[in-house]
Amino acid sequence: MSQNDFLHLMPLLILIFAVLIIMLVISAWRNHKIIYVITAVSFVAAFLSLFDIRAAAPYQIEPLLVIDGFGVFYIGLILATALLISMLSYAYFEQREEQKEEYYILLILSTLGACTLVISTHFASLFLGLEVLSVALYALISYLRTRERSDEAGIKYLILAAFSSAFLLFGMALVYFSTGSMTFQGIAVAMAAFEELPLLLLTGFGLMIIGIGFKLSLVPFHMWTPDVYEGAPAPVSAFIATVSKGGMLGLLIRFFMEVDGFRYPTLMLIFTIVAIASMFAGNLLALFQNNVKRILAYSSISHLGYLMVAFLAGNQMGVEAVTFYLVAYFVTTVGAFGTVAMLSGKERDAELLIDYRGLLWRRPWAATVLTAMLLSLAGIPLTAGFVGKFYILAAGVNTQLWLLVVVLAINSAIGLYYYIKIVAVMFQQTEEGMEPRQRLRPSIYLASVGTLAVLLFLLIGIGIYPAYLLNIITTMLNSFHTLSLQ
Amino acid sequence: MILLWLIVILMAGGLLAWLSKKWHPVLPRWISLFAVLLDFVLVFYIWLTVPAATLGASPWLLRLHIPWIPQWGVNFILALDGLSLLMLLLTFFLGLLAVLVSWREIQTKSGFFHFNLLWVLAGITGVFLTLDMFLFYFFWEVMLIPMYFLIGIWGHENRNYAAYKFFIFTQASGLLMLLAILAFYFIHGSQTGTYTFNYFELLNTPLAMGTGRLLMFGFLAAFLVKLPAVPFHSWLPDAHSQAPTAGSIILAGLLLKTGAYGLLRFVLPFFPDAAVEFAPWAMLLGVVGILYGAILAYSQTDLKRLAAYTSVSHMGFVLLGVFAFNELALQGVVMQMLAHGLSTGALFIVAGLLYERLHTRDMNVMGGFWSKAPKLGVFAMVFVMASLGLPGLGNFIAEFLTLVGAWQANKWLTVFATIGLVLATAYSLRIMQKVFFEPAPAEHLLPDLNPREMLIAVPMVVVILWLGLYPQPVLDTAQPSIQAQLQAYKMPPAVEKSVSTVAALQTEKPDNVYHQILIRIEK
């Protein structure tokens, strides 16, 4: 590896060093605040180092990785989200008794895994990134192990994730068998030679889709989602919903664009069915929930379905739409789970609808933030979610995916019902007197309230003036490795 | 720039009203009163200074054009013509009344209430002004959320259900419109190479018959639900009867008008062929609405529900008139939008005043109020008479013009629509009889109107009388705009006859129109 390679991998290297330093510090001295500061600083440093490498041309590290505009943007998105989640985590864990310090090691590691995913161009780096992401997540999910449902969630995720990895591996093996290559480019070249997809290759893709679909919690691989979201600590749920899915989605786009999977009707059909099923199942099942975390879990399933619509458009506009929506979705989801985390008490998370009764009267600002986030998830104007949904619909209409677009519109209307249900609960008048406001220590208060304020600002800023973000996305995607190939 | 201020004043006023609750509990009311008044004065000033009769020239009085999301061809376009001007006058007039009406009624969370009130008005103002389709959809949705809160927080006993229903109906239909807008955008883009949401550029997009039909149904979905036309009306009685008085006024007086406005402004000019094809069905829906709404209104015992069903009936006239495609009918539609806004608003105010005093909306327990509260009685009487279409009041002019126009388009449907007027007499007189004249089943303490309430009632009576006795200024203001909406229909047969239309067209796009005329002459 040359010096240039190291330079381009700087964000990942910074994360690795941060993990090592934190381990050393913990072994000498347990202090939550110091560990947290190291984490935050390393995220910021990794994010800033991206500005050095956002080159005009893609930079390849043969054969494993490629650093292009797309990758840099996704890494930036993942790092920024991880930073916000770590801020929320600090406030969340400060109230709890457990050993908090190792949490940050796991958080950084899984972020590292997600970052590796979005720049990998080889099955080896793909699998490496995926496992680094998943293994850290097993522990993160069951981190608060004294909780009732924490072990259940952790074990569920462990077993199913291991299964899905096995499917993915087997799929990769079949693809390798049919094409004789493990780099995305090699596969693309081999596939271009085929008139029709050979059955084994198709089976390989099918198995890979199972693995990927599991990570993205697309229907029918979504069973774990509500339980894991419910059992995991609120910031970790936010992390799974955003960083882990974003990383996988970035990889999926890169792989599919490279091999141009949009040419094959069979693959398109599979994804169309999966997208429609995800939208309907996610929204309909969410209607019956009384647990806010489970509602958000099901809604995240349907949102991935929405994202699939833009993904299936399969052109530059589609990729832009996915990216834009992802930004909006990240901001919104982190904000929603952040509010849940902020309202959570010592013993359990504020996850039942009853916890939110009359919130607008008790804690108006928290309620306002959560309302804004829910409206954004529902795609109402003045929020980023609206522009994102508009973009996705535009991408779908542009490539005339009428079925998907109409299903999306129907589902938006269904989804509205349960988002509004939470909002309605928040402004119900409660009979009992005002609950005394919890006074937290100022540093914690600043961390969580500040983060939520930033998220709210982003949400409305993107919603009112999306042109700036659009500009960034289009410029970054100009050096999308696979787009420039075509 | 003044157009942007209209919206900014309301939005800023709303935020200020919300925050000011902390300093003093009465401040929100004064702030929102002041903000709406300021807007009203501004629009009134525009009306007085810009001569309405700018016949033959472009109907647009004021325009504002700022790039917003250049990547998508989205611009911040606001434009004002006679139609928008009248709608804005109505908006701010009813807005003022809504603020005054809720002065005493709203005691909890008055800051947040006024925030929502002003933001609904801001959304409605945006809808009436914007001529960029993206922005139109944006404002179309912006006005829903605060309305949802108004119903859901300050409404009556069954408010949550009503608020849900209102929100989901309007949002779902709005999404269909969004799809149509997007499809229109891409069709226009693929034909001309410029991707834009600009109304003026989209206006002359040639569409294949089938495509035009589908796109029109997308738009119609949103507007017919909002109007409401009969099969899509079921959200309205619930929303109206559960909303607080101010909410009902805004719903009936303004929100329904956005649907009518959309039909006039977008459906007619965008899809001339498809609209002509659909016209008989639309007029049929209108007539069904007139009769159905009137019959159901007659059978209600809840005063607010009754008023809600009369809205269904009255908006049937709007649908009838819009799809008659002639100037008379459209003049009638514009008058109906104004007169119905006032008269139904007034009925809801009456219902609200009674509810404030009696804590019930059930007409069976009311009666004999004429002697106790004569001022309230007179106020109610004027608007009940307006509602049944008594000559001399605004609604008469509106319904008369609409029916005359519709007669030219479809005689039988017009006959049935006229029967609706008879039914209107029945339910209107029933209100007066039940509430004011019949002997009371129970004794109630009923104070008459206080000065603040007189301040609400007197201007309304004056305005509805003025509309009925001297409607000419209103008709003049709406005239150029109506002609512009009808241009697409008049053009082929009347090209040689109406010189003024050609002149107007030539100023817009000289080459194109001239070319078309030449082709026609050659044929």
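Residues numbered from 1 in each chain as written. Chains lettered and ligands numbered in written order. Predicted model: local features only at pLDDT ≥ 70, side-chain atom pairs only at ≥ 80, totals over all residues. Heavy atoms only, no water.

(A) Here's a closer look at the overall build of chain A. Scanning chain A from N- to C-terminus turns up 21 helices and 2 strands. Here the C-alpha coordinates of chain A stretch approximately 75 × 55 × 40 Å along the principal axes. Looking at chain A as a whole, 65% of its 486 residues qualify as buried. Within chain A, contacts between residues separated by at least 24 positions form 80% of all contacts whose residues are at least 6 apart in sequence. As displayed, chain A offers around 17,200 Å² of accessible surface, 69% of which is attributable to carbon and sulfur atoms. Across chain A, the mean location of the 25 positive side-chain charges is 9 Å away from that of the 27 negative side-chain charges. (Helix = DSSP H or I, 4+ residues; strand = E, 2+ residues; numbered from the N terminus. Buried < 20%, exposed > 50% of the residue type's maximum accessible area, 1.4 Å probe, protein only. Contact = heavy atoms within 4.5 Å. Areas by Shrake-Rupley, 256 points an atom, 1.4 Å probe, with all protein chains shown as cover. Lys, Arg positive; Asp, Glu negative; His and termini not counted. Charge placed at Lys NZ, Arg CZ, Asp CG, Glu CD.)

(B) Seen up close, the overall build of chain B. In terms of regular secondary structure, chain B is built from 22 helices and 2 strands. When the backbone C-alpha atoms are referred to their principal axes, chain B occupies close to 80 × 55 × 40 Å. Counting every position in chain B, which comprises 523 residues, the buried fraction comes to 64%. A separation of at least 24 residues holds for 81% of the contacts in chain B among residues at least 6 apart in sequence. Carbon and sulfur atoms make up 69% of the accessible area of chain B, which totals about 18,000 Å². Positive and negative side-chain charges in chain B, numbering 27 and 24 respectively, have mean positions lying 6 Å apart.

(C) Looking closely at the pattern of salt bridges. Residue and element names in this part refer to chain A. On inspection of all chains with the given rule, the structure shows 20 salt bridges over all chains. Linking Asp260 and Arg263 is a salt bridge whose minimum nitrogen-to-oxygen distance equals 3.5 Å. Accessibility expressed as a relative area gives 25% for Asp260, which makes it partly exposed. Each of Arg147, Arg149, Lys156, Asp227, Glu230, Lys293, Arg294, Asp349 and Glu351 takes part in salt bridges that share partners, so that together they form one network. (Salt bridge = Lys/Arg side-chain N within 4 Å of Asp/Glu carboxyl O.)

(D) The arrangement of the interface of chain A and chain B in detail. Taken residue by residue, the interface counts 38 residues in chain A and 32 residues in chain B. Summed over both partners, the interface of chain A with chain B buries about 3,300 Å², with 83% contributed by carbon and sulfur atoms. Area buried by chain A at its contact with chain B is led by Trp361, Phe390 and Phe427 of chain A, which between them contribute 18% of it. On inspection of chain A and its partner chain B, the count reaches 0 salt bridges. Inspection of the chain A/chain B interface yields 2 residue pairs in polar contact (both at pLDDT 80 or more). The set of elements that each furnish at least two residues to the side of chain A that touches chain B consists of helix H15 (359-362), helix H16 (364-378), helix H17 (384-398), helix H18 (402-426), helix H19 (442-464) and helix H20 (467-478) of chain A. (Buried area = accessible area lost by both parts, 1.4 Å probe. Polar contact = N/O pair within 3.5 Å; in protein donor to acceptor, adjacent residues only side chain to side chain.)

(E) Layout of the packing of helix H3 (residues 82-105) of chain B against helix H4 (residues 110-129) of chain B. Residues and elements named next belong to chain B. One way to put it is that H3 packs onto H4 with a least axis distance of 10 Å and a crossing angle of 170°. In terms of axis orientation, H3 runs roughly antiparallel to H4. Taking contact as the criterion, the partners of Ser84, Met87, Leu88, Thr91, Phe92, Gly95, Ala98, Val99 and Ser102 in H3 are, on H4, Phe113, His114, Leu117, Leu121, Ile124, Thr125, Phe128 and Leu129. Class assignment for the residues of the contact of H3 with H4 results in 11 nonpolar, 6 polar and no charged. (Axes fitted to C-alpha atoms, helices over the stretch in contact; angles between N-to-C directions. Parallel < 35°, antiparallel > 145°, perpendicular 65-115°, else oblique. Nonpolar A, V, L, I, M, F, W, Y, C, P; charged D, E, K, R; others polar.)

(F) Quick peek at the pairing of strand S2 (residues 74-80) of chain B. All names here are of chain B. Of all the 7 residues making up S2, 7 are buried; the element is thus mostly covered by neighbouring parts of the structure. With 7 bridges connecting them, strand S1 (residues 62-69) and S2 associate as antiparallel partners. Looking across to S2, one finds that Ile69 is bridged to Val74. Turn length for the S1-S2 hairpin, with the two strands adjacent in sequence and antiparallel, is 4 residues, and the turn residue Gly73 shows positive phi of about 70°. (Pairing = 2+ DSSP bridges.)

(G) Local environment of the packing of aromatic side chains. All names here are of chain B. Under the defined criterion, the tally for this structure stands at 88 aromatic pairs over all chains. Ring plane angle 85° and centroid distance 6.3 Å describe the contact between Trp68 and Phe76, whose orientation is recorded as edge-to-face. Neither Trp68 nor Phe76 differs from the other in exposure class; each is buried. When the centroid spacing of 6.4 Å and the interplanar angle of 15° are considered together, the rings of Phe223 and Phe266 count as stacked. Placement of Phe223 in helix H9 (residues 209-226) and of Phe266 in helix H11 (residues 245-270) is noted, with a sequence separation of 43 residues between them. Under the relative-accessibility criterion, Phe223 is labelled buried at 0%. Residue classification places Phe266 among the buried positions, given a relative accessible area of 0%. Sitting above the plane of the Tyr298 ring, Arg430 keeps its charged end 5.3 Å from the centroid. (Phe/Tyr/Trp six-rings, centres within 6.5 Å; stacked < 30°, edge-to-face > 60°. Lys NZ or Arg CZ within 6 Å of the ring centre and 35° of its normal.)

(H) A nonpolar patch on the surface, seen in detail. On the surface, a nonpolar cluster with roughly 460 Å² of combined accessible area is contributed by Ile16, Phe17, Leu20, Ile21 and Met23 of chain A. Mapped onto the secondary structure, Phe17 of chain A falls in helix H2 (residues 10-28). (Patch = residues over 30% accessible without salt bridge, like charges linked within 9 Å, V, L, I, M, F, W, Y side chains within 5 Å.)

(I) A look at the nonpolar core. Ranked by size, the top nonpolar core spans 410 residues in total, and within it Phe219, Phe323 and Met460 of chain B carry the most contacts. Examining the composition of this core, we find that 19 residues originate from one element, helix H14 (residues 316-343) of chain A, more than from any other. (Core = buried A, V, L, I, M, F, W, Y, C linked by side-chain atoms within 4.5 Å.)

(J) The side chain of Asn283 of chain A, seen in detail. All names here are of chain A. Here Asn283 is to be found in helix H12 (residues 265-287). Overall, Asn283 belongs to the buried group, its relative accessible area being 0%. Among residues more than four places away in sequence, those in contact with Asn283 are Ser302, Tyr306, Asn411, Ile414, Gly415 and Tyr418.

(K) A look at H14 of chain A. Here H14 of chain A contains 28 residues, and its C-alpha end-to-end distance of 41 Å stays within 8% of the 40 Å for a straight helix at 1.5 Å per residue. Counting buried residues along H14 of chain A, 27 of its 28 residues qualify, which places the element largely inside the surrounding structure. (Expected span 1.5 Å × (residues − 1).)

(L) Spotlight on the confidence of the model for chain B. Residues and elements named next belong to chain B. Within chain B, residue pLDDT values average 87, and 92% of them lie at 70 or more. Taken together, the stretch residues 493-523 has pLDDT below 50 and engages in 16 contacts with residues farther than four places along the chain or on a different chain. Both scores are available for the predicted complex, with the pTM at 0.90 and the ipTM at 0.88. (pLDDT = per-residue confidence, 0-100.)

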